[in-house]
Amino acid sequence: MAKIVIAGGEPLNGEVQISGAKNAVLPILCATLLADNAVEIGNVPHLHDVTTTMELLGEMGVQLIVDEKLTITADPSHVTNTVAPYELVKTMRASILVLGPLLARFGHAEVALPGGCAIGSRPVDQHIRGLQALGATVLVEGGFIKASAKRLKGARYVFDMVTVTGTENVMMAATLASGVTVLENCAQEPEVVDLAHCLNAMGARVEGAGTNKITIYGVDRLHGGHYDVLPDRIETGTFLVAGAITGGRVLAKKTRADTMDAVLAKLEEAGAHVNTTVDTIEVDMRGNRPKAVSLTTAPYPAFPTDMQAQFAAMNTIAEGVGVITETIFENRFMHLNELTRLGADVRIEGNTAIIRGVKKMTGAPIMATDLRASASLVLAGLVAEGETTVDRVYHIDRGYENIEEKLGGLGARIRRLPG
Ligand code: EPU
């Protein structure tokens, strides 16, 4: 298995170009199933999860063309298969996002039940209930969610809890329903807004995305078009923490500062000087050690769970004690046990981690367990003295484009050992 080897201790300094957002491009690729003709998607990041989604859409009969300018053209006019097999769904839970579009456009969908994953049990009951509210018949049988409906009918549905892909799935399905759908207690993440913008560019009538109430006026068909994916706020945040944890300076370009308020506020609390323009963010620690920050993860616009592991890594070498509470996923502290192998001082009590910053950590072999956990281990490796080897880095390739090249461009001594 491939490994990443980092020789830590260098403050990072430089500029990094941010890629398109993983959690926006995945639903947008699935949304192309709703259209009658080809949709062109720009600013697509080169990620393993994108390849998996293309494989899934390809199996269904979507014709895909990728050009070197980060553009994918997806032509769904010859879809023949409405089944998402377990082999693909088990490697990427976001495959559930084909459920709503397939059902709405073809009246039928079978998607393998994703099951649990490293960060928690992650049920999909809200996806199912939302589609049932629109009139779908849904059976769970033989490990598959089997959904059917002649034509979905607009309805009101209030989500039991805030769910990002749940909101996206039901919102996509409602675009082709007859009549008006009102969804309440919706996720307000920028990726939900980006998907709504893309749907509207395809002829849908979605209003209110970015608030907790989304109204969808159903239309008979969606057409092709062009849409550019929004920049990745989690990739941005990860590089900014790389600057902060090493006492350095990082300028993230082609990003969106307005999607990152909670993260930037915590970086300032950690002692970073933060400067933003519309599409750049600079974090400068001016050689200082970060101060520990306490935070609680919660749905957007609060602090994102997808940045929790990176801030935990920063707290390990910060001045003071940081208390981190994870409220979204029940098992998202796996990185902390690995960080103790580098010398971190961590105590876990339920969904809270108390991290007492140490002055220095030392490199060791450590193992990635999920995507954001791997990012936090790489960040810790940047500051630990000596050599840190991160095993199972395939997790990181799911969501970070060329991470070692991008960090290398900032002055990190990092290389990949092929498996
Ligand atoms: N939940 C339910 N029932 C449902 C749906 C969700 O109980 O039907 C619970 C989940 O178990 C969890 C909470 O609701 O406790 C929120 O989960 P959510 O559905 O919002 O997560 P998701 O849509 O499966 C997306 C991102 C995750 C990100 C979360 C939270 C995508 C493709 N994935 O997952 O991204 O952590 O929202 O913001 O958008 C990542 O990129 O590393 C990643 C895991």
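Residues numbered from 1 in each chain as written. Predicted model: local features only at pLDDT ≥ 70, side-chain atom pairs only at ≥ 80, totals over all residues. Heavy atoms only, no water.

*Asks:* Describe the side chain of Thr 238, naming the residues involved and giving the relevant values.
*Replies:* For Thr 238, the location among the structural elements is in helix H8 (residues 233–245). Apart from the residues within four sequence positions on either side, Thr 238 is in contact with Met 307, Gln 310, Ala 375, Leu 379 and Tyr 400. (Helix = DSSP H or I, 4+ residues; strand = E, 2+ residues; numbered from the N terminus. Contact = heavy atoms within 4.5 Å.)

*Asks:* Before we move on, could you go through the site of the ligand and cite the residues and values that matter?
*Replies:* Around the ligand lies a shell of 21 residues, among which Gln 126, Thr 163, Thr 165, Asp 306 and Ile 328 are the nearest. Within the side chain of Thr 165, an N or O atom sits 2.6 Å from an oxygen atom of the ligand. Contact with the protein chains hides 87% of the accessible area of the ligand, taken as 830 Å² for the molecule alone. For the shell around the ligand, the secondary-structure elements that each account for two or more residues are helix H1 (22–31), helix H5 (125–133), helix H6 (164–174) and helix H12 (371–383). Counting residues per element, the shell around the ligand draws most heavily on H5, at 3 residues. Broken down by class, the residue content of the shell around the ligand amounts to 9 nonpolar, 6 polar and 6 charged. (Near = heavy atom within 4 Å. Polar contact = N/O pair within 3.5 Å; in protein donor to acceptor, adjacent residues only side chain to side chain. Areas by Shrake-Rupley, 256 points an atom, 1.4 Å probe, with all protein chains shown as cover. Nonpolar A, V, L, I, M, F, W, Y, C, P; charged D, E, K, R; others polar.)

*Asks:* I'd like a rundown of the sheet that holds strand S16 (residues 273–276), residues and numbers included.
*Replies:* Pairing within the open sheet is mixed, and its 4 strands lie in the order S2-S15-S17-S16. Both outer strands of the open sheet, strand S2 (13–17) and S16, are each paired with one neighbouring strand and no more. Recorded for the sheet is a direction-independent mean angle of 15 degrees between the axes of neighbouring strands. Set on the sheet, helix H9 (residues 261–269) makes contact with S16 and strand S17 (280–284); between it and S16 the angle comes to about 145 degrees. (Pairing = 2+ DSSP bridges. Axes fitted to C-alpha atoms, helices over the stretch in contact; angles between N-to-C directions.)

*Asks:* Go over the sheet that holds strand S23 (residues 387–391), please, and point to the residues and values.
*Replies:* On the basis of which strands lie adjacent, the open sheet formed by 4 strands has the order S22-S23-S1-S24 and mixed pairing. Since the sheet does not close on itself, it has two edges, and those belong to strand S22 (365–367) and strand S24 (413–417), each with one partner. Ignoring strand direction, the axes of neighbouring strands in this sheet form an average angle of 20 degrees.

These results come straight from atomic positions and should not be treated as a statement about function.
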